[in-house]
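This is what each chain is made of:
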Amino acid sequence: MTAERYWMTATLSKADLRAGALAKRDALSDEQRAAAAQAMAKRGLPFEVEPGLVVSGYSPIRSEIDPAPLMRKLAEQGAKLALPAVLSRGKSLAFRAWSPDDRLMMGPLGILEPSPAAAELVPDIMLVPLAAFDRAGHRIGYGAGHYDFTLAHLRKAKVITAVGTAFSVQEIKAIPALPHDVALDYVLTEKKVFDFRS
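Everything quoted here is computed from the prediction, not taken from an experiment.

## Quick word on the packing of aromatic side chains
By convention here, two paired aromatic rings are described through the distance between centres and the angle between planes.
Phase 1 of the analysis: Under the defined criterion, the tally for this structure stands at three aromatic pairs.
Phase 2 of the analysis: An angle of 5° between the planes, with centres 6.3 Å apart, marks the rings of Phe194 and Phe196 as stacked. With respect to class, Phe194 is no different from Phe196; both count as buried.
Phase 3 of the analysis: Three or more aromatic residues link up through ring pairs in this structure, and these residues are Phe133, Phe194 and Phe196.
Phase 4 of the analysis: Its end group placed over the ring of Tyr142, Arg62 keeps NZ or CZ at 4.5 Å from the ring centre.

So this is what it looks like as structure tokens:
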């Protein structure tokens, strides 16, 4: 890569980087998406999940990689599962207990969520959807800041392992990170595990 081209990549805005990564993600076929979700589940998390640990996933929207196969595997290993619920913009996400057979309801942002009657849990491990990631552990979300805010808020009380989940095509060279952006501990794709903890 020429110095000029690298400079251009490094100076693209987050919006441009997000749009480029999402276009690549959207171009994947349903078959490629399903196979990638199964491959990610087969590999599993790159660390031991002790029984009783709370793992939060998410209900995939748009063309996100589906964490459900991975979550089922983690449940078989004894993890307690939870899904996020959006309470309001600028507030931390809530996490409600969920098992793969539970019915979900439409939340305020049009995302499927557990019933408000489900028990609220605080995750130990958070599966984090993203638009793009780089090899420094930075992610680009969708601009609302829900996960950055939630991780920063919850980590004041306990250690939470943040695991980004993505298709390999969502990896980009470099993300211009801001001070409030929370770096990920790992990223899982269908091809590889990235460990950013060192």
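Next comes the rest of the write-up.
## Digging into the side chain of Ser59
Phase 1 of the analysis: With respect to the helices, strands and loops of the structure, Ser59 is situated in the loop between β1 (54–56) and α4 (68–76).
Phase 2 of the analysis: Among the polar contacts listed, one links the side chain of Ser59 to the backbone oxygen of Leu112, at a separation of 2.8 Å.
Phase 3 of the analysis: Leave out the neighbours within four places in its chain, and Ser59 touches Glu64, Leu83, Leu104, Ile111 and Leu112.

## Things to note about the layout of surface pockets
Phase 1 of the analysis: Quantified by volume, the largest pocket comes out at close to 580 Å³.
Phase 2 of the analysis: Lining the largest pocket are 32 residues, with Tyr142, Ala144, Gly145, His146 and Tyr147 sitting closest to its centre.
Phase 3 of the analysis: Listed by contribution, the elements that provide at least two residues to the lining of the largest pocket are α2 (14–26), β2 (80–85), β5 (112–113), β8 (139–140) and α5 (146–154).
Phase 4 of the analysis: At three residues, α5 tops the list of elements feeding residues into the lining of the largest pocket.
Phase 5 of the analysis: Here the residues of the lining of the largest pocket are counted per class, giving 16 nonpolar, seven polar and nine charged.
Phase 6 of the analysis: Taken together, 13 residues form the lining of the second largest pocket, with Ser59, Pro60, Ala68, Trp98 and Leu104 sitting closest to its centre.
Phase 7 of the analysis: A breakdown of the residues in the lining of the second largest pocket according to their chemical character gives ten nonpolar, one polar and two charged.

Conventions used here
Residues numbered from 1 in each chain as written. Predicted model: local features only at pLDDT ≥ 70, side-chain atom pairs only at ≥ 80, totals over all residues. Heavy atoms only, no water. Phe/Tyr/Trp six-rings, centres within 6.5 Å; stacked < 30°, edge-to-face > 60°. Buried < 20%, exposed > 50% of the residue type's maximum accessible area, 1.4 Å probe, protein only. Lys NZ or Arg CZ within 6 Å of the ring centre and 35° of its normal. Helix = DSSP H or I, 4+ residues; strand = E, 2+ residues; numbered from the N terminus. Polar contact = N/O pair within 3.5 Å; in protein donor to acceptor, adjacent residues only side chain to side chain. Contact = heavy atoms within 4.5 Å. 1 Å grid on protein atoms, 1.4 Å probe; cavity = no way out; pocket = protein on both sides within 12 Å on 5 of 7 lines; lining within 4 Å. Points joined across faces, edges and corners; volume = space filled by probe spheres on them. Nonpolar A, V, L, I, M, F, W, Y, C, P; charged D, E, K, R; others polar.

That's the geometry; what it means functionally is another story.
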